[in-house]
Amino acid sequence: MIDENVVRHVAWLARIQLEEDELKKFIPQFTKILEYFSILDEVQEDVEPLYHVNELKNVFRDDEPEDPLPRDEILRNAPKKENGYFRGPRIV
Amino acid sequence: MRVLIGLEVHVQLNKLKTKMFCGTPTSYQHAPPNTHVCPVCLGLPGAMPTINMKAVEAAVKVALALNAKVQENTMFYRKNYFYPDLPRGFQISQYDFPIGKDGYVIIDGDEGEKKVRIKRVHMEEDPGRLVHVGRIDKAKYTLIDYNRSGMPLLEIVTEPDMNSPKEARAFVSKLRTILEYLDVFDGSLEGAMRVDANVSIEGGSRVEIKNISSFRGVEKALAFEITRQKNLLRRGQQAKMETRHFDESQEITVSLRVKEEESDYRYFPEPDLPPMNLKGWTERIKAELPELPDARRERLIAQYGISVEHAKVLTGERVLADYFEKVASKTSPKLAATWIADVLKGELNYRDMRIEGCFSPENMVELLELLEKDLISDKAAVMIIRRMLDEGGRPKEIMEKEGLQKIKEDILPGVVESVIEENEKAVRDYLSGKREAINYLVGQVMKKVRGRADASKVYNLLERRLNEIDNN
Ligand SMILES: [Zn+2]
């Protein structure tokens, strides 16, 4: 059951702030999406789950170092930076 | 009130050359921020991860050393959450099918040896590092360094089998020892091992403490938390289920804001990384496993006849056990065990030094030989060890320079006798009235005992003996 609390919680997980009217607007939309997944209920119980869509296995890389990107490049798209760090909001 | 502690230990496989899913070098220690980063570990759209095979081998090694069952079919998952240290918005981790399950580690518990069960061992990538400006709950903003992002990490999860902060510490230190024996881990590097602890007082709710990053910290954080929970109980309150952050500098735990629950992470198989089938790996890697601490301890006891306590201390660090064996092969093993485990280790700890920075085993052998030949006292030997640690030098040199040789009172008459025999002329001079000749003889005795005697005592001994000769 999708209600306002579920929408609020999902919004929090996505770190999105929703206004009260938006919370209400999303209830039927969420419900519709969830209903779509009920198609999976038709799958027989003894069907092995599919974890990956191709047959590849054991694709590895050797432990050989490669050059990192120059720091200017790394920070190029950052809206806020300070002394070579990215700058973000406080987290607690 | 019984206390239950379970640990989640995060261990960097920092002996590897490159990160978990990209070729970025792992050598970021002391490097300026964001200098060890590439599109993959920065989480740029379209950048594709590939699995470092050596990291998987190291994980198998660890799983085996922890007596866990290696899962032949294993794979990575995405753990989804938003946090500034996680540039992709998800962490590549494991969920179902972790690399290792159901192991155990034997530790020295409060009531003797005890088995701590390992629930699972899984591989994942390290997030970046957040730098809080000020205290975590008071900071205005956060600085982010992604050098650590993508470091190969193992998470080792125990059952709640520890019953005191001391046992938790014993587990963590035993784990470190095992990892160092496996040569997959350097625990001296900052942030190499981080611990989250679950603690509850039996019947109460579980509190998770995050971000403990030192051995001492494990004990401190848990002790603080247990006291806090007991105080709550005493006031008739219950600790509420929550996540708390350990503030290492203030040695307190502080409550963190609500955290995601497991279902919130929306784990699903990582589509960019094919699954792994490790058929044959266990056998191959098992055959290459080095001797582990418990086995080595048993061998040292059997092979060298040293005490259990000494063997425990010595095998507590692989390099220390190596050092001991080098010394023990050239001198009395029991003497070596006593001096390395009891004295040297203490002196190193006092100086916050590790055995890597200690003087050579050859110097230790030389010192023990001086002891065996009864040339120095125990006290002098300790002084020589201190001197070598602080200033360098060799035992014999220091002994001679500092005049630390032992002189037994009862050998003095013998030395006096031989000096009298060897210096007939001086004796004749003395007997014929040149009394100052005795000073020369005193000098000769002192030379023979390398200064380790009281000159006035030598003078008296000589005088008495010469007078006896005179009277005969
Ligand atoms: Zn990278």
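Residues numbered from 1 in each chain as written. Chains lettered and ligands numbered in written order. Predicted model: local features only at pLDDT ≥ 70, side-chain atom pairs only at ≥ 80, totals over all residues. Heavy atoms only, no water.

1. Here we look at the nonpolar core
Residue and element names in this part refer to chain B. Going by this rule: The criterion is simple. A nonpolar core is a set of buried Ala, Val, Leu, Ile, Met, Phe, Trp, Tyr and Cys residues joined through side-chain atoms within 4.5 Å. Residue exposure (1.4 Å probe, protein chains only): buried if accessible area is under 20% of the type maximum, exposed if over 50%, otherwise partly exposed. Secondary structure elements follow DSSP: runs of H or I no shorter than four residues count as helices, runs of E no shorter than two count as strands, and numbering proceeds from the N terminus. Pairs of residues are marked as contacts when any of their non-hydrogen atoms sit within 4.5 Å.
Residues I5, L7, L66, F76, M123, F171 and L175 are the most contacted members of the largest nonpolar core, which totals 79 residues. Per-element accounting of this core gives the leading share, nine residues, to helix 1 (residues 53-65). Dropping the residues within four chain positions of it, L66 is found in contact with G103, Y104, V105, I118, V121, I156, L175 and I178.

2. Examining a nonpolar patch on the surface
Selection criterion: Here a patch means residues that are over 30% exposed by relative accessible area and free of salt bridges, tied together within 9 Å if like-charged and within 5 Å if nonpolar (Val, Leu, Ile, Met, Phe, Trp, Tyr). Where accessible areas are quoted, they stem from the Shrake-Rupley method and a 1.4 Å probe; at the residue level, only the protein chains shown are allowed to cover. Salt bridge, as applied in this entry: a Lys or Arg side-chain nitrogen positioned within 4 Å of an Asp or Glu carboxyl oxygen.
A contiguous nonpolar surface patch, about 740 Å² in accessible area, is contributed by I33, Y36, F37, I39, L40, V43 and V47 of chain A. Tracing the chain through its elements places F37 of chain A in the loop between helix 2 (20-36) and strand 1 (60-61).

3. Topic: the interface of chain B and chain A
Heads up, the rule is: By definition, the buried area sums, over both parts, the 1.4 Å-probe accessible area that each loses when the two are put together. Polar contacts here mean pairs of N or O atoms no more than 3.5 Å apart (in protein, one a potential hydrogen donor and the other a potential acceptor; neighbouring residues in sequence count only if both atoms are side-chain atoms).
Taken together, the contact pairs 63 residues of chain B with 34 residues of chain A. At the boundary of chain B with chain A, total buried surface from both sides reaches about 4,200 Å², with 61% on carbon and sulfur atoms. In this structure, the connection of chain B to chain A is made through zero salt bridges. Put simply, chain B and chain A have 24 residue pairs in polar contact (both at pLDDT 80 or more) between them. Sort the elements by how many residues they give to the side of chain B that touches chain A and strand 10 (residues 141-145) of chain B lands first, with five residues.

4. Observations regarding the confidence of the model for chain B
Residue and element names in this part refer to chain B. Rules: What pLDDT expresses is the predictor's confidence in each residue, scored from 0 to 100.
Considering every residue of chain B, the mean pLDDT works out to 91; 98% of them sit at 70 or more. Averaged over each element, pLDDT in chain B is lowest for strand 15 (residues 252-255) (84) and highest for strand 2 (residues 51-52) (98). Under the prediction, the complex receives an ipTM of 0.92, its pTM being 0.81.

5. Details of the packing of aromatic side chains
The way to describe two aromatic rings as a pair is by their centre distance and the angle between their planes. In plain terms, the rule: Two rings from Phe, Tyr or Trp (for Trp, the six-membered ring) form a pair when their centres sit within 6.5 Å of each other. Planes less than 30 degrees apart are called stacked, planes more than 60 degrees apart edge-to-face, and all others tilted.
What the rule picks out here adds up to eleven aromatic pairs over all chains. Consider the rings of Y265 of chain B and Y267 of chain B, whose centres lie 6.1 Å apart with planes at 75°: the pair is edge-to-face.

6. Quick look at the pattern of salt bridges
All names here are of chain B. Under the definition given, this model contains 54 salt bridges over all chains. Of the charged contacts in the structure, one is a salt bridge between R297 and E113, with a shortest N-O distance of 3.0 Å. Of this pair, R297 sits in helix 5 (residues 293-304) while E113 sits in strand 8 (residues 112-125), and the two are 184 residues apart along the sequence. By relative accessible area, R297 is classed as buried at 12%. Its salt-bridge partner being E251, residue K220 comes within 3.8 Å of it at the nearest N-O pair. With K220 in helix 3 (residues 215-234) and E251 in the loop between strand 14 (242-247) and strand 15, the pair connects residues that are 31 residues apart, well separated along the chain.

7. With respect to the coordination of the zinc ion
Residues and elements named next belong to chain B. Stated precisely, the cut-off is as follows: Coordinating donors are taken to be N, O and S atoms lying within 2.8 Å of the metal, or within 3.2 Å when the metal is Na, K or Ca; because water is excluded from the atom set, some sites may appear incomplete. Every angle between 85 and 135 degrees makes a four-donor site tetrahedral, while opposite donors more than 155 degrees apart, with all other angles between 65 and 115, make a four-donor site square planar and a six-donor site octahedral; other sites are irregular.
Every protein donor of the zinc ion is listed here as C22 (SG), T24 (OG1), C38 (SG) and C41 (SG), and their distances to the metal cover 2.2 to 2.3 Å. What the four donor atoms of the zinc ion show is an angle range of 93 to 118° at the metal, which sorts the shape as tetrahedral. Mapping the donors of the zinc ion onto the primary sequence yields the spacing C-x1-T-x13-C-x2-C. Highlighted residues: C22 in the loop between strand 1 (3-12) and strand 2 and C41 in the loop between strand 1 and strand 2, separated in sequence by 19 residues. Among the residues examined, C41 registers a relative accessible area of 4% and is labelled buried.

8. Notes on the layout of surface pockets
To find the voids left in a structure, one rolls a probe of water-molecule size over its atoms. All names here are of chain B. Quick note on the threshold: Only protein atoms enter the 1 Å grid, on which a cavity is a set of points fitting a 1.4 Å probe that cannot get out and a pocket is an open set with protein on both sides within 12 Å along at least 5 of 7 lines, lining residues being those with an atom within 4 Å of a point. Grid points are joined across faces, edges and corners, and a volume is the space filled by probe spheres set on the points. Domain borders in the structure are assigned automatically or taken from a domain database.
Looking at the second largest pocket, its volume works out to about 1,200 Å³. Contributions of two or more residues to the lining of the second largest pocket are made by strand 7 (100-109), helix 2 (165-181), helix 5, helix 6 (308-315) and helix 8 (333-350). Top contributing element to the lining of the second largest pocket by residue count: helix 2, with eight residues. Split by domain, the lining of the second largest pocket shows at least three residues from each of two domains, domain 1 (3-285) and domain 2 (291-402).

9. Some points on unusual backbone geometry
All names here are of chain B. Positive phi values are uncommon outside glycine, yet N34 reaches one of about 60°. For N34, the location among the structural elements is in the loop between strand 1 and strand 2. Phi at F97 takes a positive value of approximately 60°, unusual for a residue other than glycine. Considering the arrangement of structural elements, one finds F97 in the loop between strand 6 (90-93) and strand 7.

10. Description of the sheet that holds strand 12 (residues 193-201) of chain B
Residues and elements named next belong to chain B. Our working rule: Two strands make a pair as long as DSSP finds a minimum of two bridges between them. Note on definitions: angles span 0 to 180 degrees between N-to-C directions of axes, and those axes are lines fitted to C-alpha atoms, for helices only across the stretch in contact.
Strands sit in the order 3-7-8-11-1-12-13-14-15 across an open sheet of nine strands; the sheet is mixed. Of all the strands in the sheet, the pair left with one neighbour each is strand 3 (69-70) and strand 15. Along the sheet, helix 1 makes contact with strand 3, strand 7, strand 8 and strand 11 (152-158), crossing strand 11 at roughly 20°.

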